[in-house]
Amino acid sequence: MDVTGKGRRGEGASRATTSFVRGPSRPRRSGARSAGLAGLAGLVGLVGLVCVAACTPAPIEQPPLDVAVFPKVAYSGYAPSGTFKVMISTGADAPRWAVDDPSVASIEPAPAPSIPNTDVTGLSFALLTTKRAGETGVRMTSGDKVVVTRLVVTAYTDADLAAGKARYTTPSTDGARTPCIQCHARDGGVGVDHSPLKMGGFDAPAILGVIERATYPDSPSGQSITSSFAPRGPLSFAQHRWNLGDAERAGVVAYLRSLPLGGL
Ligand code: HEC
């Protein structure tokens, strides 16, 4: 199963905002490339106008950006024994990256990820590695353009990570507690990628909605509008409603955020 070829991702193709909100890693329809990244600034303006009427911005939402950087708000975590990385991307030329508070995370340019059916031509990538819980601005400079996005790092404990890993991998005879790894094993190229490359644009409630209720948020509010994939609404796999205990809820999100990034 590839990570982008699900029917669900085609559903919103006719919506006015999707050419921007779907983000840079979505396969582009033919012809879209010529409008391409140079046209993103205009699209951002359009999204801004549309959103005045139609969008409910999350509190963390930032003003429209005149150069695309994805995600606009990146979510990750920190725990003493895990390594948490989250990817950020831009269509801007020759970007330079910095974090405002280097005690929260470091950032370095990264190679383009390799994801089936996904065109990353013309995009540049960077990897944030978290150092502690907290928040910081992430600054992308390209020529005279500066775009500041946000990194939100949640504090997790090693016990969270252990609980998440156990839920992820432990066999069960209860169908609602099927180990995640049964379908999400990525070795050998099978399984759905939900490593931080994909999840970085979603906060914990959104990710838990996918896991427990088989749905992404419906509206393109806040963080999700600039996720690299920015899927929306119900999964095509409607039975994706897994049982999680309280400790497992934080733990699974922590564990997902600590997985090595898919496609790198
Ligand atoms: C029976 C197979 C199966 C099991 C078990 C399973 N998943 Fe999934 N999961 C899927 C499929 C298939 C998708 C993609 C659904 C779609 O795109 O419509 C998915 C999507 C996801 C996504 C969203 C990523 C994306 O590609 O959109 C997350 C996050 C996720 N699963 C987490 C989990 C967690 C955590 C568990 C264990 C608690 C789990 N899954 C168990 C099959 C499974």
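Residues numbered from 1 in each chain as written. Predicted model: local features only at pLDDT ≥ 70, side-chain atom pairs only at ≥ 80, totals over all residues.

Q: What is the right way to read the overall build of the chain from this model?
A: If you tally the helices and strands in the chain, you get eight helices and eight strands. In the chain, which comprises 264 residues, the share counted as buried stands at 39%. The contacts in the chain between residues at least 6 apart in sequence include a share of 71% that link residues at least 24 apart. (Helix = DSSP H or I, 4+ residues; strand = E, 2+ residues; numbered from the N terminus. Buried ≥ 20, exposed ≤ 12 C-beta atoms within 10 Å, placed from the backbone. Contact = placed C-beta atoms within 7 Å.)

Q: Teacher, can you tell me more about the sheet that holds strand β4 (residues 96–99) here?
A: Strand order in this open sheet of four strands is β2-β8-β7-β4, and the pairing throughout is mixed. A single partner strand is all that each edge strand has here, and the edge strands are β2 (73–78) and β4. Neighbour-to-neighbour, the strand axes of the sheet open up by a mean angle of 25°, direction not taken into account. Pairing geometry for β4 and strand β7 (residues 134–142), over four bridges, is antiparallel. Directly across from V99, in β7, lies its bridge partner V138. (Pairing = 2+ DSSP bridges. Axes fitted to C-alpha atoms, helices over the stretch in contact; angles between N-to-C directions.)

Q: Just checking my understanding: could you explain the sheet that holds strand β3 (residues 85–90) for this structure?
A: Consider a sheet: its strands pair through backbone hydrogen bonds, and that pairing is either parallel or antiparallel. Taken together, four strands build an open sheet; the order of strands is β1-β3-β6-β5 and the sheet is antiparallel. Across the chains shown, the open sheet's two edge strands, defined by having one partner strand only, are β1 (69–70) and β5 (105–110). In terms of strand pairing, β1 meets β3 through two bridges, oriented antiparallel. Bridging across to β3, V69 finds its partner in T90.

Q: Can you help me understand the environment of N243 in this one?
A: Inspection of the secondary structure puts N243 in the loop between α7 (204–213) and α8 (246–258). Remark: the alpha-carbon pair of N243 and R167, spanning 76 residues in sequence, is separated by 9.5 Å. If we skip the residues at most four places from it in the chain, N243 touches A176 and R177.

Q: Sorry, what's going on with the site of the ligand here?
A: Lining the immediate surroundings of the ligand are 22 residues, of which C180, C183, H194, L235 and S236 lie closest. Elements supplying a minimum of two residues to the shell around the ligand: α5 (181–184) and α7. Here the shell around the ligand is composed, by residue class, of twelve nonpolar, six polar and four charged. (Near = placed C-beta within 6 Å. Nonpolar A, V, L, I, M, F, W, Y, C, P; charged D, E, K, R; others polar.)

Q: So what exactly am I meant to see when it comes to α8 here?
A: In an α-helix, one turn spans 3.6 residues; hence positions three or four apart end up facing the same way. With 13 residues, α8 should reach 18 Å at 1.5 Å per residue; the first-to-last C-alpha distance of 19 Å fits that figure. For α8, the full list of buried residues reads E248, A250, G251, V252, V253, A254, Y255, L256, R257 and S258. (Expected span 1.5 Å × (residues − 1).)

Q: Would you mind showing me how to read the pairing of β7 here?
A: Looking along a regular strand, one sees the side chains alternate between the two faces of the sheet. Two elements, β7 and strand β8 (residues 145–155), share nine bridges in a ladder whose sense is antiparallel. Note on β8: the bridge partner recorded for R139 is V148.

Q: What is the right way to read the packing of helix α4 (residues 158–169) against α8 from this model?
A: Closest axis-to-axis distance for the α4/α8 pair is 7 Å, and the angle between their directions is 90°. Classified by the interaxial angle, the pair formed by α4 and α8 is roughly perpendicular. Facing D160, L161, A163, G164, K165, R167 and Y168 of α4, the residues of α8 in contact are A247, E248, A250, G251, V252, A254, Y255 and S258. A breakdown of the residues in the contact of α4 with α8 according to their chemical character gives eight nonpolar, three polar and four charged. (Parallel < 35°, antiparallel > 145°, perpendicular 65-115°, else oblique.)

Q: What is the right way to look at the pairing of β3 in this model?
A: Most of β3 is tucked away, with six of its six residues classed as buried. Where burial is concerned, the two faces of β3 agree: the one with K85, M87 and S89 and the one with V86, I88 and T90 are both buried. Both β3 and strand β6 (residues 124–130) contribute to a ladder of six bridges, which runs antiparallel. Each bridged residue has a counterpart across the sheet, and for M87 the counterpart in β6 is L127.

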